[in-house]
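A structural walkthrough
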Amino acid sequence: MPRSHSHHSHSHAEDAEPFTLDGLAELLRSKGLRMTGNRRAILQALLKAKKPLGLEEIQTEAVRQSKGGEPPDFATVFRMMALLEELKIARKVNLGRASSYFELVDSRHHRDHLVCTDCGTVTPLEGNCPVESLERQIARKHGYTQVTHSLEFFGLCGDCSTDAAS
Ligand SMILES: [Zn+2]
Ligand SMILES: [Zn+2]
């Protein structure tokens, strides 16, 4: 049996090991991938992100991160994200839009999201995941391990609700 989550909920003191560029670089190397300047810039863009990013946003931020070096073009960002997704380092987040949005996968601290369907604001939900125990139940019931989930709530944010009422 793999050691999975204990029954205690995570306290903030346990959040001491955040994602780092070094950790991700190590992970890429272990998959046989070289750490290029472009890849570093893209990973930095994702690490800095407070919400899921679209490909254009990743490119814009990666250009900002690639100090001096040749900034990654759109095709490079696209290929890199496909690769990171395949390696389960990043994942697509469903924001109810046609284009793709990505965030890094942190198996210990996944994020659920609240999405405004009008203005597109994305709010990562802080605190304990509302369906953690349900996830454990489902895993147990179906004999699964390594179960994860992606949970997005959709609605109108405060500003857009006010607009709709007036
Ligand atoms: Zn809104
Ligand atoms: Zn969750």
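In case you missed it, the structure is sitting above this.
So, here is what we can say about the structure in this document. (Residues numbered from 1 in each chain as written. Chains lettered and ligands numbered in written order. Predicted model: local features only at pLDDT ≥ 70, side-chain atom pairs only at ≥ 80, totals over all residues.)

A short note on the overall build of the chain
The test is simple: Strands here are runs of E lasting at least two residues and helices are runs of H or I lasting at least four, both read from the DSSP assignment and numbered beginning at the N terminus. Three exposure classes are used, based on other C-beta atoms lying within 10 Å of a residue's own C-beta, which is placed from the backbone: buried for 20 or more, exposed for 12 or fewer, and partly exposed in between.
Scanning the chain from terminus to terminus reveals 6 helices and 6 strands. In the chain, the succession of helices and strands from N to C terminus is α-α-β-α-α-β-β-β-β-α-β-α. In the chain, buried positions account for 17% of the 166 residues.

Let's talk about the sheet that holds strand β2 (residues 90-93)
For clarity, the threshold we go by: Strand pairing requires that DSSP identify at least two bridges connecting the strands.
Read across the sheet, 3 strands follow the order β1-β3-β2 without closing on themselves; strand pairing throughout is antiparallel. Only two strands of the sheet have a single neighbouring strand rather than two, namely β1 (53-54) and β2. As paired elements, β2 and strand β3 (residues 101-104) share 4 bridges and run antiparallel to each other. Across the sheet, A90 pairs through a bridge with L104, a residue of β3.

Section: the packing of helix α3 (residues 55-65) against helix α4 (residues 74-86)
This is how it is decided: Every axis corresponds to a line fitted to the C-alpha atoms, with the helix fit spanning only the stretch in contact, and the corresponding angles, defined between N-to-C directions, vary from 0 to 180 degrees. Here is the rule for angles: anything less than 35 degrees is roughly parallel, anything more than 145 is roughly antiparallel, 65 through 115 is roughly perpendicular, and the remaining ranges are oblique. For any helix crossing, the convention is left-handed if the near helix is rotated counterclockwise from the far helix by under a right angle, and right-handed if that rotation is clockwise. Contacts are defined on C-beta atoms placed from the backbone: any two residues whose C-beta positions lie within 7 Å are in contact.
Look at α3 against α4: their axes get within 10 Å of each other, and the N-to-C directions meet at 115°. Considered as vectors, α3 and α4 are oriented roughly perpendicular to each other. The element α3 and its partner α4 pack so that their crossing is right-handed. In this structure, α3 uses L55, I58, Q59 and A62 to contact α4, whose residues at the interface are F74, V77, F78 and M81.

Description of α3
Of all the positions in α3, only I58, Q59, E61, A62 and Q65 are classed as buried. Its buried side turned inward, α3 meets α2 (37-48), β1, α4 and β3.

A short note on the nonpolar core
Stated formally: By definition, a nonpolar core groups buried Ala, Val, Leu, Ile, Met, Phe, Trp, Tyr and Cys residues that connect through C-beta atoms lying within 7 Å of each other.
Membership of the largest hydrophobic core comes to 19 residues, with the highest contact counts inside it found for I42, L46, I58 and M81. Contributing elements (two or more residues each) for this core: α1 (21-30), α2, α3, α4 and β3. Here this core takes 5 residues from α2, the largest share from any one element. The residues contacting I58, other than those within four sequence positions of it, are I42, A45, L46, L53, V77, M81 and F102.

Some words on unusual backbone geometry
Even without being glycine, K88 reaches a positive phi, approximately 60°. Within the secondary structure layout, K88 lies in the loop between α4 and β2. What makes K88 exposed here is the crowd of 11 C-beta atoms within 10 Å. Even without being glycine, Q146 reaches a positive phi, approximately 55°. Checked against the element boundaries, Q146 lands in the loop between α5 (132-142) and β6 (152-155). Among the residues examined, Q146 registers 8 C-beta atoms within 10 Å and is labelled exposed.

What about the packing of α1 against α2?
Put simply, the rule reads: Note that Gly is not counted as nonpolar here; it falls among the polar residues with everything else outside the nonpolar set of Ala, Val, Leu, Ile, Met, Phe, Trp, Tyr, Cys and Pro and the charged set of Asp, Glu, Lys and Arg.
In the contact formed by α1 and α2, the axes pass within 10 Å of each other and the chain directions differ by 130°. Of the possible angle classes, the one that applies to α1 and α2 is oblique. The crossing of α1 and α2 is right-handed. Contacts from L21, L24 and L28 of α1 reach α2 at R39, R40, L43, Q44 and L47. In terms of residue class, the contact of α1 with α2 is made up of 5 nonpolar, 1 polar and 2 charged.

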